[in-house]
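Fold and geometry: a report
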Amino acid sequence: MNLEFSASERRFRAEVQDFLRESLPASLSAKVLGLKRLTREDLLSWHRILYEKGWSAPSWPREFGGPGWSAVEQHIFDEECALAGAPPIISFGVRMVAPVIMQFGSREQQEFFLPRILSGEHWWCQGYSEPNAGSDLASLTTRAERRGDHYIVNGQKTWNTLGHFADWIFCLVRTDPEARQQEGISFLLIDMRSPGIKLRPIPLIDGEHEVNEIFFDHVEVPVGNRIGEENKGWTYAKYLLGHERVNIAQIGQAKRELSRLKQLAARELSGGRPLMEDTRFRDRLAEAEIDLMALEITVMRVLSAESARRDPGAESSVLKIRGAEIQQTLSELMMQAIGHYALPWIPEALEPGWQAHGGAEQDWPAFSARYFNLRKTTIFSGSNEIQRNIIARRILGL
Amino acid sequence: MDFELTEDQAMLRDSVRRLISREYTFARRQAILGSPHGFSAEIWNLLAQQGIFALGMPEDAGGYGGATEIMLVMEELGRGLVLEPFMSTLVLSGSLIRDHGTVAQRAQLLPKMARGNCRVALAHHEAGARYVLDHVGTHATRGKGFYVLNGSKAVILDAPVADLLIVSARDESAGGLSLFLVEPGAEGLKLSPYRTQDGRSAGDLTLENVKVPTAARLGSPGFALSALEQAVDCALAALCAEAVGAMEAVNESTVQYLNTRRQFGQPIGRFQVLQHRMADMFLMATQAKSMSYLASGRCRNPDRSERRRALSAAKAYVGKAARFVGQQAVQLHGGMGMSAELPISHYFKRLTMINATFGDVDHHVGAYSDLLRTNVS
């Protein structure tokens, strides 16, 4: 039992820190830390820098071009990147579809797709949710009909994140409408430039364009773009969801936010006195920090179990629920910390070069937008209610 | 970074768990609870044979292991709802004597304590102090070769079953707090014993011109506050671990109840509102265990503010979890949760009293929060 990182883990952390100091462009980290809007090119330019170093797919094994890091090393890497203000890894390719292609894809699929995910040539997005298939994903109705060596895809996907940046989409489609719900689904890889694909942006609560509806109208998809067997897609989808939990607790980002929040509370005045002197606010801050400590140690327990090749099982189910809640709590405290300054809605403040006025700091107009945006965290990747169903059924046996 | 147990640690945990589940059935515990002191010498001796009183003791006193082993044993004592005064003797008093005793005091007491042959209670808390450690009105006046103690102590855990007391007093000659080893039968010492809500023994003490030799002073004169802080931090870690063990037992038996109790033609565990409550209880207990690990890992950290941060964070979190899990376990058991004939109500009482011992949630959130004022990073 040892809470401290080992000497080799500390050396690894120092190596990551050195790399970030040298290679993370200041203009990019300023955007991330200043809560500015990130463009496709911002995200891709960071991906390419990581690719040069061989670190663009931190979770991949060596045989597919990853660094072959242990679970603990991946955690350290994620944490340091977040603390330094690096843009997030584009997860749909690297962390979601890639593990499925590695595990269930054909050799041709592996050879074609994996190097392009690694280099950033292909940006991936996800086609899971539908208007009538959210938490009940298996009730999806987007249809793929076999016509010779093609499928013809018709239907609609929704809540598709950053599809307007994407080159490819991985989709769950119904290939056998007669079979029981989960047994008639296949997993298709679809080129976003295929004729018949239309995107409609869904403006979100914070005014930003992050998600889309996607319409498929007689879209032709080669049978060779199906992962594994026909009608076995649900198995692959579940495998993907299992991989989604890597870094799901977002410890590094939460630590960064918390530290900013503390600095802000020490600086920001309330009736002329630092907000930090307000016991009610400070106690909330203390409780948020304590919650984060508990979550971080739970993450460590999961990593330790993985290193010892023991199934972490129970502990890992906690991560999504608490990680999402903590992100929301911190964003709410940030908004609360600036008092009246939570009110102004200034979309141009999300672009570099905007000049703050009226006594506000540069990034303040982003706080409320961020609070509204992060309400998504308890809804996406299996809502926190679905997560509780999973704990009740699978872990507790209710 | 490593949370795996060594083989020896796993063996210790398993053997204590086996002993308790064999010897400390709920019926047996209820019988002990009904006995005059709420304490069984037979169980105490069985635990002593298992070697658990030697944990954290110096090797020359027959000791072995440290904070992790104590944590594992406390989890099992919590799981078994064991009433015997392990924490007072080993964790609080044991660490005070080990860290601050003279060669003679250590040689005289530690080997006996490690074998389970001497129970020691800490008489510190006084009216008006609440959870503040340096609020002590009992005073010690120094004479030639002796001290005279006067004052009163309140809610002293395990005092009625102790063979020896450690009494804190304001040391008039030194200008700070000092500690004294006092025999329970000393002249001028009066104990009013009672039981606690959760079945332990405790009592109030009055000291009227209690005379102790200078050699009975434990540690340097006037410097007891930091010694007490350290000992109480070890006790906080032990309490966190005990609460974790109790919460795990409560959750297991609540799941079992939800799966067997039928209403509206089905097991009540089919109802989503109860499933989600149970999931939250599990979640809180899991996180509390993480914080208990932190508490044990840091409870002897020499950096005082780092130790305060960790221990207050842990006790605050575990306290919140203990309250939630305890209350909801009673709620989910319905009327059965109210019955004194089933273990759940007894677990709930223990979890509630752990919260009130050495600082509740508000106290420790406050202590943590105060550190934030000075420590912005």
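Here's a quick rundown of the structure. This structure is a prediction, so every number in the text was calculated from the model and none was measured.

This next bit is on the overall build of chain B. Counting secondary structure elements, chain B contains 12 helices and 10 strands. Relative to the 2.2 N^0.38 estimate, which gives 21 Å for 377 residues, the radius of gyration of chain B is 21 Å and therefore close to what a compact globule would have. With the C-alpha coordinates aligned to their principal axes, the bounding extent of chain B is approximately 80 × 55 × 40 Å. Within chain B, buried positions represent 51% of all 377 residues.

Along its length, chain A carries 12 helices and 10 strands. The C-alpha atoms of chain A give 22 Å as radius of gyration, which agrees with the globular expectation for 398 residues (21 Å, within 12%). Each principal axis of the C-alpha distribution contributes one length, and for chain A these read about 75 × 50 × 50 Å. Among the 398 residues that make up chain A, the fraction classed as buried is 40%. Long-range pairs, those at least 24 residues apart, make up 71% of the contacts in chain A with a sequence separation of at least 6.

Each side of the interface is counted separately: chain A has 40 residues, and chain B has 34 residues. Among the elements of the structure, helix 8 (251-267), helix 9 (279-307), helix 10 (316-337) and helix 12 (384-395) of chain A are those that each provide at least two residues to the side of chain A that touches chain B. Considering each element in turn, the side of chain A that touches chain B owes the most residues, 13 residues, to helix 9 of chain A. Residue composition of the side of chain A that touches chain B, grouped by class: 22 nonpolar, eight polar and 10 charged.

Here we take up helix 12 (residues 361-374) of chain B. Residue and element names in this part refer to chain B. Look at helix 12: 21 Å from first C-alpha to last across 14 residues, which is about the 20 Å you get at 1.5 Å a residue. Taken together, the buried positions of helix 12 are occupied by H364, V365, Y368 and S369. The buried residues of helix 12 occupy an angular sector of 135° when the element is viewed end-on, so they sit on one face. Those residues of helix 12 that are exposed and angled more than 90 degrees off the buried face are D362 and T374.

Residue and element names in this part refer to chain A. In this model, L35 sits at a positive phi of 55°, which is unusual for a non-glycine residue. Its place among the elements puts L35 in the loop between helix 2 (26-33) and helix 3 (40-53). In this structure L35 comes out as partly exposed when scored by C-beta crowding, with 19 C-beta atoms within 10 Å. Its identity is not glycine, yet H218 carries a phi of approximately 50°, on the positive side.

Moving on to the pairing of strand 6 (residues 189-195) of chain B. Here strand 6 of chain B pairs with strand 7 (residues 201-213) of chain B via seven bridges, running antiparallel. Bridge pairing in strand 7 of chain B places L189 of chain B opposite L207 of chain B.

Definitions and cut-offs
- Residues numbered from 1 in each chain as written.
- Chains lettered and ligands numbered in written order.
- Predicted model: local features only at pLDDT ≥ 70, side-chain atom pairs only at ≥ 80, totals over all residues.
- Helix = DSSP H or I, 4+ residues; strand = E, 2+ residues; numbered from the N terminus.
- Rg over C-alpha atoms; globule rule 2.2 N^0.38 Å.
- Buried ≥ 20, exposed ≤ 12 C-beta atoms within 10 Å, placed from the backbone.
- Contact = placed C-beta atoms within 7 Å.
- Nonpolar A, V, L, I, M, F, W, Y, C, P; charged D, E, K, R; others polar.
- Expected span 1.5 Å × (residues − 1).
- Arc of directions from axis to C-beta.
- Pairing = 2+ DSSP bridges.

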